[in-house]
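# Descriptive analysis of the structure
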Amino acid sequence: MLIESFIEAFIEYGLFVAKALTLLIAVVLVVQTLLRSRLDPRGGDDGRLEITDLGERYRDMALGLKQAMLPAKAYKQLIKAERKADKARAKETNPEPEKRRIFVIDFHGDIMATEVGGLRELISALLLVVRKEDEVLVRLENTGGAVHEHGLGASQLLRLRQAGVALTVAVDKVAASGGYLMAVVANRILAAPFAVIGSIGVVAELPNFHRWLERNGIDFELHTAGEYKRTLTLFGENTEEARVKVREQLEDVHRQFKAFLLEYRPDLPLEQVATGEYWHGEQALALGLVDELRTSDDYLLAARETADLYLVDYQAKKKPLERLLGSLRLKAARWWNALR
């Protein structure tokens, strides 16, 4: 009897949490809609680009270490020699040709790929200035999520490749599911030895409270127009026909996913890799999912002598309430990813 009471109390608590989350999401969506309606009618959000010279940052780091290790006199001589060399280069009548440039973009994905908005602005800006010898390096960290959002993210990266810009994706931690969908459009994919790669599959899951509602005498009505306007539901009685339809939709998305992969990596053994499994770096390299085992840090340090390195970021101008909502969305996405 005590166990039954505990189970019932636990179910009631679960329903309370579900209702609270549903209410919170509804409030967030309503407020978001109101905020969007107040945006600049020209469609802009008055965001700004932030550019960091990574080459200069590396030089400052090296000088800081040298200052700590060298005697004061030796460090002053070093600084004097470097300044003299800089002045000599500035006076040269035949200066060295401009170095190629590597533009670095950090993309941290969540279930709704909320950073895609900033990514599209960055890529639009880069396409205005990038030269044929330049390169874009995307440091991607993405566990996947909504198909349409990650598909748009892949389409944004594809704009670079279609414009003839060398595109490299570096995966230091994870590029799974929708994350790998974005990575695959790159000319080259780098992965750290223990990075998680793959999870090429599609999933849909939801709880169903129909039996609990029925047991407690609660009716639930759902009215639709269109045979498949709604298939599986949270509160109604799900039918086998609805389950079959959802499985068909999942298989259709999976087929599109695999076709997209083959377009950019035609030698992938889909029978092996499109099972929903994931692999770490070395296995991913053996399967052809990535091209090289290397961290983004090693890649950039090796390139600093022959290329100018710039970290580019897009900061959207947001009102305090928008920042709060963005924080709530991010926390909800992290909570969801932790449960998966």
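Please read these numbers as outputs of a predicted model, since none were measured by experiment.

The next subject is the overall build of the protein chain. Counting its secondary structure elements, the protein chain contains twelve helices and ten strands. In the protein chain, which comprises 340 residues, the share counted as buried stands at 32%. In the protein chain, the proportion of contacts linking residues at least 24 apart, taken out of those at least 6 apart, comes to 74%. When the accessible surface of the protein chain is split by element, carbon and sulfur atoms take 56% of a total near 22000 Å².

With that settled, consider the nonpolar core. Grouped together as the largest cluster of nonpolar side chains are 49 residues, with contacts concentrated most on Val136, Val138, Tyr180, Ile197 and Leu289. Counting residues per element, this core draws most heavily on helix α4 (residues 116–129), at five residues. Residues in contact with Leu289, not counting those within four places in the same chain, are Tyr180, Ile189, Ile197, Ile200, Arg265, Leu268, Val273, Trp279 and Ala284. Counting residues in hydrophobic clusters, the runner-up holds 13 residues, among them Tyr58, Ile102, Ala307 and Leu311.

The next subject is the packing of aromatic side chains. Inspection of the entire model under this criterion finds four aromatic pairs. Aromatic ring contacts, followed pair by pair, group Phe209, Phe220 and Phe235 into a single cluster. Above the face of the Tyr228 ring, Lys245 is positioned so that its terminal group lies 4.4 Å from the ring centre.

Checked against the element boundaries, Ala242 lands in helix α8 (residues 240–264). Here the alpha-carbon distance between Ala242 and Leu232, two residues ten residues apart in the chain, equals 5.9 Å. If we skip the residues at most four places from it in the chain, Ala242 touches Thr231 and Leu232.

A few words on the sheet that holds strand β10 (residues 307–315). Strand order in the open sheet formed by seven strands is β1-β10-β2-β3-β4-β6-β9, with mixed pairing between adjacent strands. Among the strands making up the open sheet, the edge pair consists of β1 (48–53) and β9 (292–293). One ladder, built from seven bridges, connects strand β2 (residues 100–108) with strand β3 (residues 135–141); its direction is parallel. The residue bridging Ile105 from the neighbouring strand is Val138, located in β3. Against the sheet, helix α2 (residues 54–69) contacts β1, β2 and β10, and its axis sits at roughly 40° relative to β1.

The next thing to look at is the packing of α2 against helix α3 (residues 72–91). Axis separation between α2 and α3 bottoms out at 9 Å; the angle between their running directions is 150°. The angle between α2 and α3 places the two elements in the roughly antiparallel class. The segment α2 lies against α3, with Leu63, Lys66 and Gln67 engaging Tyr75, Leu78, Ile79 and Glu82. The residue makeup of the contact of α2 with α3, split by class, is four nonpolar, one polar and two charged.

Analysis parameters
Numbering of residues starts from 1 in each chain and follows the order in which that chain's sequence is written. Two thresholds apply to this predicted model, a pLDDT of at least 70 for residue-level local features and 80 or more for giving and counting side-chain atom pairs, whereas whole-chain, interface and lining totals are computed over all residues. To get the side-chain values, take all heavy atoms of the structure and skip hydrogens and water. Only DSSP runs of H or I with at least four residues qualify as helices, and only runs of E with at least two residues qualify as strands; both kinds are numbered from the N terminus onward. A 1.4 Å probe rolled over the protein chains alone gives each residue an accessible area, and that area as a share of the maximum for its type sets the label: buried under 20%, exposed over 50%, partly exposed in between. When checking whether two residues touch, look at their non-hydrogen atoms; a contact exists if any pair is within 4.5 Å. Note that accessible areas follow from Shrake-Rupley with a 1.4 Å probe, and for residues the cover is restricted to the protein chains shown. Residues grouped as a nonpolar core are buried Ala, Val, Leu, Ile, Met, Phe, Trp, Tyr and Cys residues, joined through side-chain atoms within 4.5 Å. Any two rings among Phe, Tyr and Trp, with Trp reduced to its six-membered ring, count as a pair given centres within 6.5 Å; such a pair is stacked if its planes are under 30 degrees apart, edge-to-face if over 60, and tilted if neither. Think of it as a cone above the ring: NZ of Lys or CZ of Arg counts as a charge over the ring if it is within 6 Å of the ring centre and within 35 degrees of the ring normal. Pairing between strands is defined by DSSP: at least two bridges between the two strands are required. Interaxial angle, 0 to 180 degrees, is taken between N-to-C directions of lines fitted to C-alpha atoms, where a helix line uses only the stretch in contact. By definition in this entry, angles of less than 35 degrees are roughly parallel, angles greater than 145 are roughly antiparallel, angles of 65 to 115 are roughly perpendicular, and the rest are oblique. Amino acids are sorted into nonpolar (Ala, Val, Leu, Ile, Met, Phe, Trp, Tyr, Cys and Pro), charged (Asp, Glu, Lys and Arg) and polar (every other residue, Gly among them).

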